[in-house]
Amino acid sequence: MIIYILKKIFTYLFILLLLSQLSFAVAYLASGTIYNQYAFFYAYLGYFGDLLSGRLLISNYDTLSLGTIIKQVLPPTIELCLFAVLLSSITGSLLGIIAGLKPDHWSNKLIQAGSLIISACPIVWLAVLMMSLFASNHYLFPDSGSLIEQINPKTGFPIIDVFLTPDLNRSQELIKELQYLALPGIILSIHPCIITIQLISQQVVKVAKQKYIQAISIREQSQLKILLRHMLPNVFPSIIPRLTYNLTIILYSAIIIEIIFKRPGLGTWVMQGFVDKNGLVIAIAIMICGVLLCSLNLFIMLITIMIQPLRHQELYDE
Amino acid sequence: MNNLAIYRTKLRYTYTAFVRTMHHNLFLIIGFYGLLLTLIACILTPWLASNIDQLYPLKRFLMPAWFEQGDINHILGIDNTGKDIFKRLLWALQTSLAITLLITLYVILIGTVMSLWTVFCRPAAHIVLLSIQTITAIPPLLMMMILSLFSGNTLNNLMMVVGVSLLPRFIHNLYNMVNNELKKTYIIALRLDGLSIMNIMRYSVFPNILANFVSECIAIFTTCLLALTTLTFLNFGIESDYNELGVMMREMIAIMPINQWAFIAPGLAILCVILLLNFFDYGLQQARSYRD
């Protein structure tokens, strides 16, 4: 298993290396960046030196601190993504369990039909429709969230900063921030939620047919106890590896949603860089997205191995 | 003469079998005939909406036909430049579906070749896996930005980006399908009998994965349509002048306060096409499970 984990870590590092080469290529070939004016080797060494030291050159005299960019740009996006992940996991698992327990019941058919129709909607279409629907409703669609970032930026995450700041009406600020998150978060969580529903209902149906569940249902009186103690612990571990796919989708669409809703974050920052034809912004964005997605991938893979070391073994036995 | 009679009988038999399959359940009937209608509408678009460039400057901001101010000659009304919205919708639907079909065909061709290559050539599997992981680490939007920074914000680049972002999933799923089938006992028995791998693939593996392969292709088509409209909505691929559903949605936002049906219609068209495809897929699966 250690060899397997080491192999995965080496793959991770190799992919990061590939992505950093791509990032350098963008920074070097795009006209207008300072690295474009240097000779190849100077630019190569200079770019990676700057990337490691965290200060990138904008012009001959100006530098751009990587740390400040990341602190400004990344936290709102990550907050939105985490909100969407939580929302989609909770609603998805609840609806999936309901749908999976009674496959012939009308509730299952309703959930399946609803998810089929909603998954066929383009996400931008839904976003614009919701925006025009709630444009006048300031309770559901406020212009800005908690203004804590402008008063007292500490970590960059508004929800955490609310708790760190003393002398503040915490509940009010928190509700403001959650209102700001709600609509984009709901739209963002639709597709992963549907994927989770499908996965969980399939798994529930599969587990319910197992011999040990039939045996326990003879002995045990309470249906709820069977569900909580015997079915769910067998259902959930098989879903964790699929979480990577959900997270990737959420990050992809978070960028798009941010552009449409004009929220500050990674999406608007990259789009502004693209409109200004700024190659350096796109080069940094490649590195940020690459590091984020690859690290998540590795992290979830490690968790999967810890929970289910014999996941592939079981598959071969069937 | 005899040959012709045999040929005719065969044709009639095939036709009856086809009709029997297609009329098996309600989902299949709705999906199949709905898709057929969409296809006919797309083919007939040049005749149905021939005078797309004709402007109606006096009737700008006209409402849809079911409103009091509406005109039955312009079903969805007129937009801010004076063009008929329904005709635009027909052209946009045709363009979008044609582009999506082209991308899907490319993805299926390249993906099939690459996944078969990974199945039969072990060292290639590592390279393909590595490139898949690298591609998934770059969001499609960012990929499009890189390409359009260097070689222009054109439709070709857009198609390439959508195709490349769909390839990993297709390769992964097809690889799993073929690999799982090859592991089964009857295939090993056939191998021990001395059948060539081409024969096994042609007569044993391919018929068994065909149903899953078709649903995978349909899934690729729907994802591709959604991704394409999303990217064109965000101003990508604008250097080539064309009318597409995403482009139309973006332009219709301007007249949304007056005529919101102009914005709803393109999204509804996408929704209907994808629903029909899903019905078709589901119906095929039901028909297959009935036969099994």
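Residues numbered from 1 in each chain as written. Chains lettered and ligands numbered in written order. Predicted model: local features only at pLDDT ≥ 70, side-chain atom pairs only at ≥ 80, totals over all residues. Heavy atoms only, no water.

Identification of chain A as ABC transporter permease subunit from Candidatus Schmidhempelia bombi str. Bimp is taken from an unreviewed UniProt entry.

1. Focus: the side chain of glutamate 79 of chain A
Residues and elements named next belong to chain A. Turning to its location among the elements, glutamate 79 is positioned in helix H3 (residues 66-101). Within the buried core, glutamate 79 has no salt-bridge partner, and the shortest N-O distance to an opposite charge, that of arginine 263, equals 5.2 Å. Excluding its chain neighbours within four sequence positions, the residues that come into contact with glutamate 79 are Phe157, Pro158, Ile159, Glu177 and Leu181. (Helix = DSSP H or I, 4+ residues; strand = E, 2+ residues; numbered from the N terminus. Buried < 20%, exposed > 50% of the residue type's maximum accessible area, 1.4 Å probe, protein only. Lys, Arg positive; Asp, Glu negative; His and termini not counted. Salt bridge = Lys/Arg side-chain N within 4 Å of Asp/Glu carboxyl O. Contact = heavy atoms within 4.5 Å.)

2. Some words on the interface of chain A and chain B
Accessible area lost when the parts come together is the quantity often used to give the size of an interface. Contacts between chain A and chain B engage 43 residues on the former and 37 residues on the latter. Both sides together, the interface formed by chain A and chain B hides about 3400 Å², and carbon and sulfur atoms give 86% of it. In this structure, the connection of chain A to chain B is made through zero salt bridges. Our count for the chain A to chain B interface comes out at three residue pairs in polar contact (both at pLDDT 80 or more). (Buried area = accessible area lost by both parts, 1.4 Å probe. Polar contact = N/O pair within 3.5 Å; in protein donor to acceptor, adjacent residues only side chain to side chain.)

3. Re unusual backbone geometry
If you check the backbone angles, lysine 262 of chain A has positive phi at about 55° while not being a glycine. Topologically, lysine 262 of chain A is positioned in the loop between helix H11 (243-261) and helix H12 (266-275). We note that asparagine 235 of chain B has phi near 75°; this positive angle belongs to a residue other than glycine. Residue placement: asparagine 235 of chain B occurs in the loop between helix H8 (197-233) and helix H9 (245-252). For asparagine 235 of chain B, a relative accessible area of 35% gives the class partly exposed.

4. Looking at the domain arrangement of chain A
All names here are of chain A. Its domain assignment divides chain A into domain 1 (1-58 + 278-318) and domain 2 (74-276). Computed over C-alpha atoms, the centres of domain 1 and domain 2 are 27 Å apart. With 18 residues of domain 1 at the contact, the number on the domain 2 side is 18 residues. Taken together, the two surfaces of domain 1 and domain 2 that pack against each other cover about 1500 Å², and 84% of this comes from carbon and sulfur. (Domains from an automatic or database assignment.)

5. Section: the packing of aromatic side chains
Scanning the model with the defined rule gives 20 aromatic pairs over all chains in all. Between phenylalanine 274 of chain A and phenylalanine 236 of chain B the ring centres are 5.3 Å apart and the planes differ by 40°, which places this aromatic pair in the tilted class. One end of the pair, phenylalanine 274 of chain A, is in helix H12; the other, phenylalanine 236 of chain B, is in the loop between H8 and H9, on a second chain. Each of the two residues, phenylalanine 274 of chain A as well as phenylalanine 236 of chain B, counts as buried. A connected cluster of aromatic rings, assembled from ring pairs, spans Phe24, Tyr28, Tyr35, Phe40, Phe41, Tyr44, Tyr47 and Phe48 of chain A. Residue placement shows lysine 277 of chain A over the ring face of phenylalanine 274 of chain A; its charged tip is 5.5 Å from the ring centre. Arginine 202 of chain B extends its terminal NZ or CZ atom over the ring of tyrosine 203 of chain B, reaching a point 4.8 Å from the ring centre. (Phe/Tyr/Trp six-rings, centres within 6.5 Å; stacked < 30°, edge-to-face > 60°. Lys NZ or Arg CZ within 6 Å of the ring centre and 35° of its normal.)

6. Some details on the UniProt feature "transmembrane region" (unreviewed entry) in chain A
All names here are of chain A. This chain's UniProt record puts "transmembrane region" (unreviewed entry) on residues 41-58, 78-101, 113-135, 180-200, 243-261 and 281-307. Measuring from the first to the last C-alpha atom of residues 113-135 gives 29 Å, for a span that is 78% helix and 0% strand. Each end of residues 243-261 is marked by a C-alpha atom, and these two atoms are 25 Å apart; helix forms 100% of the span and strand 0%. (UniProt positions renumbered as here; feature names shortened; annotations may be inferred.)

7. Observations concerning empty space enclosed by the protein
All names here are of chain A. All chains considered together, the criterion is met by two cavities of 30 Å³ or more. Roughly 40 Å³ of internal volume is contained in the largest cavity. Broken down by secondary-structure element, the contributors of at least two residues to the lining of the largest cavity are helix H8 (170-208) and H11. Counting residues per element, the lining of the largest cavity draws most heavily on H8, at three residues. Its residues assigned to classes, the lining of the largest cavity shows four nonpolar, two polar and one charged. Quantified by volume, the second largest cavity comes out at close to 30 Å³. Surrounding the second largest cavity, Val85, Ser88, Ser89, Leu243, Asn246, Leu247 and Ile250 form its lining. (1 Å grid on protein atoms, 1.4 Å probe; cavity = no way out; pocket = protein on both sides within 12 Å on 5 of 7 lines; lining within 4 Å. Points joined across faces, edges and corners; volume = space filled by probe spheres on them. Nonpolar A, V, L, I, M, F, W, Y, C, P; charged D, E, K, R; others polar.)

8. A look at the packing of helix H1 (residues 2-29) of chain A against helix H2 (residues 40-53) of chain A
Residues and elements named next belong to chain A. At a minimum axis separation of 11 Å, H1 and H2 run at an interaxial angle of 125°. Here H1 lies oblique to H2, going by the angle between them. As H1 runs across H2, the sense of the crossing is right-handed. On the side of H1, the interface is formed by Ser20, Gln21, Ser23, Phe24, Ala27 and Tyr28, while H2 contributes Phe40, Ala43, Tyr44, Tyr47 and Phe48. (Axes fitted to C-alpha atoms, helices over the stretch in contact; angles between N-to-C directions. Parallel < 35°, antiparallel > 145°, perpendicular 65-115°, else oblique. Left-handed = near helix turned anticlockwise from the far one by under 90°.)

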